[in-house]
Amino acid sequence: MPNKIQPFISSAIVLVLSGCMGGNNGSASPPMTADIRTDQLYANIAATPNQLYAGFAIDTDNPVISSYTGQTALNSFLAKQPDISEFNRLASPPEYVSGAWIKGTGANLNMIDEGSSFVENGKYFLWGYLSESLPQTASLSYDMHARWRCTGCSNPSGTASGTLLLNLAKNQAEFSLDSGEFSLRTALEFSQKNQLQRHTGSDSKVRVKDKNVQMDKLAVRGGIFGPEGQNAGLVFGFHNTDTKVTGIATGQRK
C-alpha cells in the first residue's frame, strides 16, 4: 500500500467515522461521541490535500443525488450539516469508504407520515478516497450490503445484500440488491474518475412485494474506492406514487 494514503486511512476514516454498511442488524450504531467535532473532519481532509476525496448524499424525500469531489466541495457540504456527533454511523466499514445517516434537523422534517408508517427524514451520506486507477483486469466484482428507508413498505427501514459487477472493457457495471421488501437491478456507467451513475439508456427492474413495479424516478451514484479498487460505495433512491426508497450500499471486492 502506498505510504501517501496512510494519513487518510488512519484519521479521516478510522478516527472520524469508522462505520459503514454491513451485517443483518437493522439498527444503526450509536452516534459518535460529542468530543469528535465536524471541524476535526475538516482538518483531516485539509491535512491530505493530494487525495482524491468524493462524497455523495441523498435525501429521503427526493431521489436526487448530490455529489461532492475535492476538499472545497466536501467542506461546503459539511458546513451545512449538524455537528459530527449527530451523525449515525453505519456499522462494519470497508477500509476506504464510510457512510452515515444524518437525521433531519427541522421539526417539520423529522418524520414522513404515510398511513401507519413513520420514517425519519434526513439523508444518507457516503464519502471516501476514490481509486485513482483500477487493476488491469476485464472485470471486478463486489459483495454489497445496504441500509435503506422506505415509505409504502411493510417495514420503514431495513437491510439488503447484493452485488456490483464492473465490466471494465465496456466501461459499464450492473448493480443489484435484494431485501424482504424490494429488489433492484440496474445498469451503471462510469462518469468522472472511477465514479458511477445510473445508465439512463438501459432498463432497470424494481420489484416491491414480489411484483414488478414502474418507478417514476430512479437514481444511483457512487464510485470505486481505495488505491487498488478494494471497495465500492453507492447511494440510491427510487420513487413512485406508492413507494419511496432511499439507501446506501458499500462493499468489498471479491
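Residues numbered from 1 in each chain as written. Predicted model: local features only at pLDDT ≥ 70, side-chain atom pairs only at ≥ 80, totals over all residues. Heavy atoms only, no water.

Overview of the side chain of Gln81
By secondary structure assignment, the location of Gln81 is in the loop between α3 (71–79) and β3 (87–89). Engagement of the side chain of Gln81 in a polar contact is seen with the side chain of Lys123, the distance being 3.4 Å. (Helix = DSSP H or I, 4+ residues; strand = E, 2+ residues; numbered from the N terminus. Polar contact = N/O pair within 3.5 Å; in protein donor to acceptor, adjacent residues only side chain to side chain.)

A closer look at the sheet that holds strand β7 (residues 122–129)
The sheet built from 5 strands is open, its strands ordered β2-β1-β7-β4-β3 with antiparallel pairing. Of all the strands in the sheet, the pair left with one neighbour each is β2 (62–69) and β3. In this sheet, neighbouring strand axes are inclined to one another by 25° on average, regardless of whether the strands run parallel or antiparallel. Pairing between β3 and strand β4 (residues 97–103): 3 bridges, direction antiparallel. Among the inter-strand pairings, Asn88 is bridged to a residue of β4, identified as Trp101. (Pairing = 2+ DSSP bridges. Axes fitted to C-alpha atoms, helices over the stretch in contact; angles between N-to-C directions.)

What about the pairing of strand β9 (residues 157–167)?
Every regular strand shows the same layout, with side chains that alternate between the two sheet faces. Of the two faces of β9, the one holding Gly158, Ala160, Gly162, Leu164 and Leu166 is buried and the one holding Ser157, Thr159, Ser161, Thr163, Leu165 and Asn167 is not buried anywhere. Strand direction decides the pairing type here: strand β8 (residues 139–151) and β9, joined by 11 bridges, are antiparallel. Each residue of the ladder has a partner; that of Ser141, found in β9, is Leu165. Where β8 hands over to β9, the hairpin turn is made up of 5 residues, of which Gly152 adopts a positive phi near 95°. Both β9 and strand β10 (residues 172–178) contribute to a ladder of 7 bridges, which runs antiparallel. Residue pairing in the sheet places Leu165 in a bridge with Glu174 of β10. Counting the residues that bridge the hairpin from β9 to β10 gives 4 residues, and of these Asn171 lies at a positive phi of roughly 60°. (Buried < 20%, exposed > 50% of the residue type's maximum accessible area, 1.4 Å probe, protein only.)

Remarks on the confidence of the model for the protein
Of all residues in the protein, 73% attain a pLDDT of 70 or more, and the chain-wide mean is 77. For the stretch residues 1–40, pLDDT sits under 50, and the model shows 116 contacts to residues farther than four places along the chain or on other chains. Throughout residues 107–117 the model reports pLDDT below 50, and contacts reaching past four residues in sequence, or to other chains, amount to 21 contacts. (pLDDT = per-residue confidence, 0-100. Contact = heavy atoms within 4.5 Å.)

A closer look at the nonpolar core
Proteins that are soluble and globular tend to have nonpolar side chains buried together. Counting 31 residues, the largest nonpolar core has Leu164, Leu166, Phe175, Leu196, Ile224, Phe236 and Phe238 as its most contacted members. When contributions to this core are tallied by element, the ones reaching two or more residues are β8, β9, β10, β11 (182–190), β13 (205–208), β15 (217–225), β16 (231–239) and β17 (244–253). Looking at this core, the element that brings in the most residues is β8, giving 6 residues. Beyond its immediate stretch of four places on either side in the chain, Phe238 contacts Pro63, Phe182, Leu184, Val206, Met215, Lys217, Leu218, Thr243, Lys244 and Val245. The next biggest cluster of nonpolar side chains, apart from the first, holds 16 residues, and it includes Ala54, Phe56, Val97 and Tyr129. (Core = buried A, V, L, I, M, F, W, Y, C linked by side-chain atoms within 4.5 Å.)

Focus: the packing of aromatic side chains
The tally for this structure, following the rule as stated, stands at 7 aromatic pairs. Centre to centre, the rings of Trp148 and Phe182 are 5.3 Å apart; their planes meet at 75°, and the pair counts as edge-to-face. A residue pair is termed long-range when its members are at least 10 positions apart, and Trp148 in strand β8 and Phe182 in strand β11 qualify at 34 residues. The pair Trp148 / Phe182 is uniform in exposure class, with both members buried. Ring geometry for Phe175 versus Phe236: centroids 6.2 Å apart, planes at 55°, classification tilted. In this pair, Phe175 sits in strand β10 while Phe236 sits in strand β16, placing the two residues 61 residues apart along the sequence. For Phe175, a relative accessible area of 0% corresponds to the buried category. (Phe/Tyr/Trp six-rings, centres within 6.5 Å; stacked < 30°, edge-to-face > 60°.)

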